[in-house]
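# Breakdown of the fold
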Amino acid sequence: MQQATVLSGKRNANWGDRIFAGLATTSGVFVLVLLGAIIIGLAVGGAPAFRAFGAFFLVDAEWDPVQELFGALVPVYGTIVTSILALVIAVPLAFGIAFYLTELAPGWLRRPVGTAVELLAAVPSIIYGMWGFFVIVPIMAKVVQPWAIDTLGEVPLIGFLFAGPPFGTGILTAALILAVMIIPFIAATMRDVFETVPPVYKESAYGLGCTTWEVMRSIVIPYTRASVVGGIMLGLGRALGETMAVTFVIGNTNRISTSLFGPGNTIASIVALEFPESEADSLKMSSLLALGFILFVISFIVLAISRMLLRPRTKA
Amino acid sequence: MNFATTALAVTLAGLTWSAQAQQITGAGATFPAPIYAKWGEAAKAATGLELNYQAIGSGGGQTQIVNRTVDFGASDAPMAVDRMEKANLHQFPSVMGAVVVIVNIPGVTTNQLKLDGTMVADIYHGKITKWNDPRIQEMNKGITLPNRAIAPVYRADGSGTTYVFASYLSAVDPTWKAKVGAATSVKWPTGQGARGNDGVAATVQNTPGGFGYVEFAYAKQNNLATAAIRNKAGSFVVPSMETFSAAASNADWANAKHFAVDLIDQAGEKSWPIVSATFILLPKDPKDPARSANVMKFIDWAYNSGDALATGLDYVPLPAAVKTAVRGSWTAEIKGPDGKPVR
């Protein structure tokens, strides 16, 4: 009786193993198939646009739904410029946060600040969009931009960067919101990689009389350089694809503006805005899918680089 | 055993009961979504029909009805005739709406500012850039306009509102027609985009010198300053239910194919120039005639008893003659598999 139970239990376990292995394999393969299907779906959907406009699609600044002329230049430009500007703002801040958390903060403060940074990463992007639209945009429109236009805008050579009417929205506002959104990602990665530096290196350096800054510059940064860049790329990847928050504050205009206060557009926001009113099988729909394909390729490259750099270091 | 039978009976009773509240499904335009929801609520009690409407946008609505995945599609812009004929669809209007021009000029109250169509077009062309432009000042002798830049705002998302507004600008300004045209999104020569009616309303409100266009309901509910516009007859009209209805009653419904009547820039002393209808699309050869019949029953109910609800939400009910014509078209156009009219 006892034996029978054990035996049947064993047989069941065998079956269970096989079923589980099968299910797990299916799940694993499913991800690959899904990724492939998305790429193929976007490429096939975008093919009519690529056929109609050729490589010119990438460098054409036109977006005229009435004449059915579409080009990707303005959204691609907006996506890249806002993301790079966001990095320029976010990286020093994130570095400061990570540096403070690993080297300077008293022990009791590390956890609350660290948790707060991680919580920032969990705020839904629509919240950032609304906060940007109702809080940051009025401040930009009434205080920052009028001041900058009247002072920096008059400076020769760089004045064109600060020209135009003070709408409050625009490239710079979008970059600011993006920066706030990607700081937690970059800061958390930097903190984690800073902590991988073996204490013995740092202690040796301190023992030789180095200051905290010298330890950071000569020991921590060189040891973690690749991973830090990986973390920055991770933030860049997030900034490239951000949709809702950017749509709220960028001004949504299909023109390239040289001013930081000028409105623009990003790939993700133009797709979100134009998709619902596009007819199936129209050239417009196809152009939007082609834009999606371009964004996919850009993000894929950025994230692949980030993965590569974030690989756990192997000792040579 | 006994318990199980009872449970089964109860479940079956529940199923048959819920089947009695008959579902109709629709998808499409966002502009009429609030009134469809309101009608759906009220019609459920009156007719037993339960409306499930998804506001996915006019483009999506057209696609869904072409693929026959919903009982009816809804579209703000009339559907392209060749596409509609190819998909064998019947189109008719459900309700109308008006688009108004909103302004944010310090010191200028609602309906105080007067504009004509070419001036509105020239503001979006970027030809008129200041509020104290001689042309605007000439038309508004009584008020002092500030030397402030005009900040034009438009809908950044594809929308029926933009289609209606751009159609108006195309009708009154030949340059607009040649250079920009009308569609659910167009290539705006100047200004900046905001998302949705509420986005445009908020941006104009936040920007001194702001100028934009929204559905009438948004201007009214948010107390935005609207502008009076000179209509085809040459008189300045302010947005109101009276001027909207005047435009609808002056339109030539009888000769419009597929009811795609042009309500833009109608003649008549009192006609508001920017009015449009929103449309319903039904298959002419429904696979399930009962469901199409239910859609018509629902619309018939809305035509008969839904006008007060519509005006309550600032929509414009159709003229009675148009409703009669639509009812007639159902019998003529929509046939079941047996060749007999569905309704």
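None of the values given here were measured: they were computed from a predicted structure.

## Let's talk about the domain arrangement of chain B
Residues and elements named next belong to chain B.
- Per the domain assignment, the segments making up chain B are domain 1 (22–97 + 276–333) and domain 2 (98–250).
- Across the contact, 13 residues belong to domain 1 and 14 residues belong to domain 2.
- Buried surface at the junction of domain 1 and domain 2, summed over both partners, amounts to about 1000 Å²; 68% is from carbon and sulfur atoms.
- Where domain 1 meets domain 2, there are 1 salt bridge.

## A word on unusual backbone geometry
All names here are of chain B.
- Located in the positive-phi region is R68, a residue other than glycine, with phi close to 60°.
- Among the secondary structure elements, R68 is positioned in the loop between helix 3 (58–66) and strand 3 (72–75).
- Even without glycine at this site, F259 takes up a positive phi of about 60°.
- Inspection of the secondary structure puts F259 in the loop between helix 11 (241–250) and strand 12 (275–283).
- Owing to a relative accessible area of 11%, F259 belongs among the buried residues under this scheme.

## Topic: the interface of chain B and chain A
- Taken residue by residue, the interface counts 36 residues in chain B and 24 residues in chain A.
- When chain B packs against chain A, close to 2300 Å² is buried across both sides, 49% of that on carbon and sulfur atoms.
- For chain B, the biggest contributors to the area lost against chain A are K187(B), Q192(B) and R195(B); these three give 24% of the whole.
- Counting across the chain B and chain A interface gives 11 residue pairs in polar contact (both at pLDDT 80 or more).
- Per element, the largest residue contribution to the side of chain B that touches chain A is 5 residues, and it comes from helix 3 of chain B.
- Of the residues that constitute the side of chain B that touches chain A, the class distribution is 14 nonpolar, 18 polar and 4 charged.

## Topic: the sheet that holds strand 11 (residues 236–237) of chain B
Residues and elements named next belong to chain B.
- Pairing within the open sheet is mixed, and its 3 strands lie in the order 5-10-11. Each having just a single partner strand, strand 5 (114–115) and strand 11 make up the two edges of the open sheet.
- As defined by bridge partners, strand 10 (residues 228–230) adjoins strand 11 across 2 bridges and the pair is classed as antiparallel. Counterpart to I229 in the pairing with strand 11 is V237.

## Regarding the pattern of salt bridges
- The full count for this structure, using the stated rule, is 19 salt bridges over all chains.
- In this structure, R191(A) engages E118(A) in a salt bridge whose closest nitrogen and oxygen atoms are separated by 2.7 Å. Linking R191(A) in helix 5 (residues 171–194) with E118(A) in helix 3 (residues 107–122), this pair joins segments that are 73 residues apart in sequence.
- Residue E138(B) pairs with K141(B) through a salt bridge whose shortest N-O separation is 3.3 Å.
- A cluster of three or more residues bridged by salt bridges with shared partners is formed by E118(A), R191(A) and D192(A).

## A few points about the pairing of strand 12 of chain B
Residues and elements named next belong to chain B.
- Taken across its 9 residues, strand 12 has 9 buried, putting it largely inside the fold.
- Neither face of strand 12 is open: one carries V275, A277, F279, L281 and P283, the other S276, T278, I280 and L282, and all of them are buried.
- Examined bridge by bridge, strand 3 and strand 12 share 3 bridges and lie antiparallel to one another. Looking at strand 12, one finds that A74 is bridged to I280.
- Examined bridge by bridge, strand 4 (residues 89–103) and strand 12 share 9 bridges and lie antiparallel to one another. Bridge assignment links H90 to a residue of strand 12, and that residue is L282.

## Brief notes about the packing of helix 12 (residues 289–305) of chain B against helix 14 (residues 320–333) of chain B
All names here are of chain B.
- In the contact formed by helix 12 and helix 14, the axes pass within 11 Å of each other and the chain directions differ by 165°. Looking at the two axes, helix 12 sits roughly antiparallel to helix 14. Crossing angle aside, the handedness with which helix 12 passes helix 14 is left-handed. Touching M296, I299, D300, Y303 and N304 of helix 12 are K323, V326, R327 and W330, all from helix 14.
- Taken together, the residues of the contact of helix 12 with helix 14 sort by class into 5 nonpolar, 1 polar and 3 charged.

Procedures and definitions
- Residues numbered from 1 in each chain as written.
- Chains lettered and ligands numbered in written order.
- Predicted model: local features only at pLDDT ≥ 70, side-chain atom pairs only at ≥ 80, totals over all residues.
- Heavy atoms only, no water.
- Domains from an automatic or database assignment.
- Contact = heavy atoms within 4.5 Å.
- Buried area = accessible area lost by both parts, 1.4 Å probe.
- Salt bridge = Lys/Arg side-chain N within 4 Å of Asp/Glu carboxyl O.
- Helix = DSSP H or I, 4+ residues; strand = E, 2+ residues; numbered from the N terminus.
- Buried < 20%, exposed > 50% of the residue type's maximum accessible area, 1.4 Å probe, protein only.
- Polar contact = N/O pair within 3.5 Å; in protein donor to acceptor, adjacent residues only side chain to side chain.
- Nonpolar A, V, L, I, M, F, W, Y, C, P; charged D, E, K, R; others polar.
- Pairing = 2+ DSSP bridges.
- Axes fitted to C-alpha atoms, helices over the stretch in contact; angles between N-to-C directions.
- Parallel < 35°, antiparallel > 145°, perpendicular 65-115°, else oblique.
- Left-handed = near helix turned anticlockwise from the far one by under 90°.

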